[in-house]
Amino acid sequence: MITVPLLDLGPQNRALAPALEQAFREVVASNQFIMGPRLEAFEKDCAAFLGVKHALGVSSGTDALLLALMALDVGEGDEVLIPSFTFFATAGSVSRLGATPVWVDVDPHRFNIDLEDAARKVGPRTRAIMPVHLFGQSLDLGALRAFAVAHGIRVIEDAAQSMGARWEGSATMSVGDFGATSFFPSKNLGGMGDSGLVTTQDDALAERARVLRVHGMQPKYYHREVGANFRMDPLQAAMLHVKLPYLPEYNCARAGNARFYRESLVGVPWVAENRPGADDGAKVLLPVDFSGQGIWNQFTLRVPGGRRDELKAFLTARKIGCEIYYPVPLHRQECFRGVGRGAETCAASERLAAEVLSVPVFPELTAEQRQWVADSLADFAAGRPA
Ligand SMILES: *Cc1c(COP(=O)(O)O)cnc(C)c1O
C-alpha cells in the first residue's frame with residue numbers, strides 16, 4: 001500500500017537546496033543578522049507580487065495580526081468582528097490587546113466569514129473586521145470593501161492561508177487597511193521556521209507599523225509609544241526570497257491536485273459539491289472554489305451525517321494523512337468561555353467543526369498518491385471497507 005502524508009516538505013526544499021544553502025552562506029558572511037538589505041529586498045518583491053504599496057516582514061503570522069491591530073489603535077473597549085471558524089491566532093491577537101471578539105458565523109460552503117451575519121452583529125464599539133481567507137480561498141473582496149465603507153470600520157485581512165489567492169482583479173492582502181500572512185512551514189509559501197508579513201496601501205499606517213515593529217522606537221532609543229520586537233530575521237527572509245518566485249508554481253500544482261480530485265469524484269454516487277442545498281443528505285461534499293482563483297492551502301471535505309470520524313479512521317487505515325481543521329469553533333474554546341458576544345448564532349461554524357476533514361493537496365503529491373486518495377474517497381462513499 002502506498003502512503004500519502006498530509007504534507008511532505010522534503011521534495012520542495014530538496015529541489016532548492018543548492019540555492020538555499022548559497023543564500024544561507026551569504027547571510028553568514030554578511031554578519032547582518034537583524035534587518036538590513038536582504039529583508040528589504042524580500043519585502044520589495046512581496047509587495048510587487050501582491051500589488052501593494054508596503055510590505056513589512058515580521059516574526060510570525062500571529063504577530064502580523066497583532067501589529068496591524070496595534071497600528072490601528074485597537075484595544076480595550078473596542079470590538080472586532082472575527083469568524084468563529086478559523087485558526088486560533090485571529091481571535092487570540094484581538095484578545096491579547098484587551099479588545100473584545102465578536103463571533104461571526106461563516107458561510108458553510110465557502111468556509112469564510114458571513115458578511116450578512118457580520119452586519120447583524122456590528123455595534124457602536126465595533127472598530128474592525130478580520131476576515132480570514134480560509135483554506136486558500138478569497139472572500140468576495142468587493143463585498144468586503146463595501147461592508148467596511150457601509151459600517152465605517154477598519155479591515156485586517158488574515159491571509160495566512162491565501163498568499164497569492166485573488167478575487168477578480170485583486171489579491172488578498174491588497175484591499176484591507178492591513179493584510180497579514182504567515183510563512184509557517186505548512187503555508188503556501190513555507191519558511192524554515194516562523195515569520196510573517198504585514199501589508200498596507202497606506203503610507204501613514206505603514207510608517208506606524210514600521211515603528212511599532214521595533215519597540216515604537218524612533219529615532220534610536222527614543223520611544224514615543226510602546227511597541228514590541230516583531231522583526232523578521234534576514235536569514236529567514238533570504239530563505240523565503242529563494243522560494244518566492246516559485247509560489248505561483250506551487251499554487252498552480254495545488255490547484256491541479258484539487259481539480260484532479262474534483263474531476264475524479266464529481267460524478268461518483270454519494271459524492272456532491274459543497275453548494276447550497278447539497279448539505280442536507282449524507283453525501284461526502286467536495287470543496288468548491290467560488291473565486292475561481294483559490295490556492296488550496298487545504299482541500300477540505302464535509303462529511304455530514306455523523307460520519308466524519310469514520311472517514312478519518314478509513315483514510316488512516318489506508319495510510320492517507322488527514323486532519324480536522326478545526327475541531328472546535330473559537331467561541332467554544334475554553335479560554336473564550338463567556339468572552340465576546342454573538343456566540344449564540346454561529347450554527348454553521350459548529351456544524352463545520354463536526355463535519356470537516358482535510359486531505360493531502362500539497363504541490364508535490366505524485367500521480368499515484370492522488371489517485372489513491374481519490375479512489376479511497378470513492379470507496380468510502382460507496383460503503384466499501386477500508
Ligand atoms: C497559520 C495561521 C495564523 C498564524 O500564523 P503563525 O505564523 O503560525 O503565527 C493566523 N491565521 C490563520 C488563519 C492561520 O492559518
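Reading guide: rules and limits
Residues numbered from 1 in each chain as written. Predicted model: local features only at pLDDT ≥ 70, side-chain atom pairs only at ≥ 80, totals over all residues. Heavy atoms only, no water. Buried < 20%, exposed > 50% of the residue type's maximum accessible area, 1.4 Å probe, protein only. Helix = DSSP H or I, 4+ residues; strand = E, 2+ residues; numbered from the N terminus. Pairing = 2+ DSSP bridges. Core = buried A, V, L, I, M, F, W, Y, C linked by side-chain atoms within 4.5 Å. Contact = heavy atoms within 4.5 Å. Near = heavy atom within 4 Å. Polar contact = N/O pair within 3.5 Å; in protein donor to acceptor, adjacent residues only side chain to side chain. Areas by Shrake-Rupley, 256 points an atom, 1.4 Å probe, with all protein chains shown as cover. Nonpolar A, V, L, I, M, F, W, Y, C, P; charged D, E, K, R; others polar.

A.B. asks: I would appreciate a short explanation of the pairing of strand 8 (residues 178–182) in the present structure.
C.D. replies: As a general feature of sheets, a regular strand has side chains that alternate between the two faces. In terms of burial, strand 8 is largely enclosed, as 5 of its 5 residues are buried. In this sheet, strand 8 lies alongside strand 5 (residues 154–158) in parallel orientation, the contact comprising 3 bridges. The residue of strand 8 that forms the bridge with aspartate 158 is alanine 180. With 4 bridges connecting them, strand 8 and strand 9 (residues 196–200) associate as antiparallel partners. Across the sheet, the residue bridging to threonine 181 is leucine 197, located in strand 9.

A.B. asks: Before we go on, may I ask you to explain the nonpolar core in this structure?
C.D. replies: Across soluble globular proteins, nonpolar side chains have a tendency to be buried as a group. If you look at the biggest cluster of nonpolar residues, it comprises 40 residues, and the most contacted ones within it are Phe85, Tyr261, Phe299, Leu301, Leu311, Leu315 and Val359. At the level of elements, helix 10 (247–265), strand 11 (284–286), strand 12 (299–302), helix 11 (308–317), strand 13 (356–359) and helix 13 (367–381) are the ones that each hand at least two residues to this core. When residues in this core are grouped by element, the largest group, 6 residues, is from helix 13. Setting aside anything within four residues of it in sequence, one finds valine 359 in contact with Leu6, Tyr261, Phe299, Leu301, Leu315, Gly321, Cys322 and Val373. Of all hydrophobic cores here, the second largest spans 33 residues; its members include Leu67, Ala91, Val198 and Leu205.

A.B. asks: What is the right way to look at the site of the ligand in this model?
C.D. replies: Near the ligand lie 14 residues; those nearest to it are Gly61, Thr62, Asp158, Ser182 and Lys187. For the ligand, a nitrogen atom lies 2.8 Å from a polar atom in the side chain of aspartate 158. Contacts to the ligand include glutamine 161, whose side-chain N or O atom sits 2.8 Å from an oxygen atom. Here the ligand loses 93% of its free accessible area of 380 Å² to cover by the protein chains. Secondary-structure elements contributing two or more residues to the shell around the ligand are helix 4 (61–71) and helix 5 (89–96). Looking at the shell around the ligand residue by residue, the classes come out as 5 nonpolar, 7 polar and 2 charged.

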